[in-house]
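Below, each chain spelled out in residue letters.
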Amino acid sequence: MGCGTNTVPGFDEVNKVIKDPALEMKMNQLMLESERRKSQFKAGVISSSEYALSTKDIKYRRDNPDLIEDTNEYFHGTSTPIKEVGYSRGEKNIYGSGLYTTMNDGVAYKYTKKGKGAQPIVYKIIETNPGPSLNLETTPASFGKEILGEEYDNEWFEGKSLREALDEYRDESQGSGIPAWEVKEDIDTIFDKAYRQGYKSVTHYGGRLTGGVKHRVKIFIHPADDIKLKQVSNPK
């Protein structure tokens, strides 16, 4: 893998010429992931829906390079010190009641200024009971069919990621008389299904809805059982 100018194979529609060695390495990493997913699809390891979503996800991360690599270092910012790890039930927590964290410590620091508290603090997440994370961007919407199937027919689920389905359900609920607390409970139920399957968290990309900095978000489903918090003394 060279460090000079390079056009990433498999991304001809963008035809990016890369001159930054660090970015080149990330793009080559993404290219290998793309080839791996293609091989998995051809071998029948993943479905056509999963392959389509993974291809869409790879293209999105290609256009937002900070999302390419998961460093497994996550942070939580708050305006009030946390005495006991638990659920976050704020109205702005649009994907259920878990503990919201970000891979971008700068974004975590911004969240210390959004609450009503006067003791801003950023914590680093220490996983005490590690496990996989369910990627809402690449998981088919059908994962939530047991709950969302009460509102939508089979055709509605086709081609959607679970994240897209939850976004649409939440948006449409506002005009159909479904209260916000019920939507959140439904999302919690879907994530509890993931937890029973061994997933400790769910992952998606923040900044989509707000137009802000794109960053990886990890929501721990039952944080009291799986993580502890370590204060970061000098957040960026």
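See the structure printed just above.
Every chain's residues receive numbers from 1 upward, in the order its sequence appears when written. Only residues with pLDDT of 70 or above have their local features reported here, since the model is predicted, and side-chain atom pairs are shown and tallied only from 80 upward, although totals for entire chains, interfaces and linings are computed over all residues. Just so you know, side-chain values use all the structure's heavy atoms and leave hydrogens and water out.

**Considering the layout of surface pockets**
Remark: the empty space left among the atoms is shown by a probe the size of a water molecule rolled over them. Definitions used for this entry: grid spacing 1 Å over protein atoms alone; cavity, a set of points where a 1.4 Å probe fits but cannot get out; pocket, an open set with protein on both sides within 12 Å along at least 5 of 7 lines; lining residue, one with an atom within 4 Å of a point. Grid points are joined across faces, edges and corners, and a volume is the space filled by probe spheres set on the points. Approximately 500 Å³ is the volume attributed to the second largest pocket. Lining the second largest pocket are 24 residues; nearest its centre among them are Glu33, Arg37, Asp57, Asn135 and Thr138. At the level of secondary structure, the elements contributing two or more residues to the lining of the second largest pocket comprise α1 (21–42), α2 (48–63) and β6 (133–135). Elements are defined by DSSP. Helices are runs of H or I of four residues or more, strands are runs of E of two residues or more, and each kind is numbered from the N terminus. With five residues, the top contributor of residues to the lining of the second largest pocket is α2. Residue polarity is assigned by list, with Asp, Glu, Lys and Arg as charged and Ala, Val, Leu, Ile, Met, Phe, Trp, Tyr, Cys and Pro as nonpolar; anything else, Gly included, falls into the polar class. Across the lining of the second largest pocket, the residue classes break down as eight nonpolar, seven polar and nine charged.

**Side note on the environment of Ser173**
You can see Ser173 is positioned in helix α6 (residues 162–176). Each residue is assigned to one of three classes by its accessible area relative to the maximum for its type, calculated with a 1.4 Å probe on protein chains only: buried under 20%, partly exposed between the two thresholds, exposed over 50%. Taking relative accessible area as the criterion, Ser173 reaches 5% and is therefore assigned buried. Sequence spacing of Ser173 and Glu151 is 22 residues, and the spatial spacing of their C-alpha atoms is 9.9 Å. In what follows, a contact means two residues having at least one pair of non-hydrogen atoms within 4.5 Å. Excluding anything up to four places from it in sequence, Ser173 contacts Ile178 and Val183. A polar contact of 2.6 Å, which involves the side chain of Ser173, links it to the backbone oxygen of Arg170. Between N or O atoms, a polar contact is any pair within 3.5 Å; within protein, one atom must be a potential hydrogen donor and the other a potential acceptor, and residues adjacent in sequence are included only when both atoms are from side chains.

**Structural notes on the pattern of salt bridges**
Throughout this description, the term salt bridge denotes a Lys or Arg side-chain nitrogen within 4 Å of a carboxyl oxygen of Asp or Glu. Counted by the stated rule, this structure contains 14 salt bridges. Via salt bridges that share partners, Glu137, Arg163, Asp167, Arg170 and Arg208 belong to a single interconnected network.

**Structural notes on the packing of α1 against α2**
Following both chains from N to C, one finds α1 and α2 inclined at 175°, their axes separated by 10 Å at the closest point. Here α1 is positioned roughly antiparallel relative to α2, judged by the angle of their axes. Packed against α1, whose contacting residues are Met27, Leu30, Glu33, Ser34, Arg37, Lys38 and Phe41, the element α2 presents Ser48, Glu50, Tyr51, Ser54, Ile58, Arg61 and Arg62 at the interface. Note on definitions: angles span 0 to 180 degrees between N-to-C directions of axes, and those axes are lines fitted to C-alpha atoms, for helices only across the stretch in contact. Note on terminology: angles under 35 degrees are roughly parallel, angles over 145 are roughly antiparallel, angles of 65 to 115 are roughly perpendicular, and the others are oblique.

Just distances and angles here, no functional claims.
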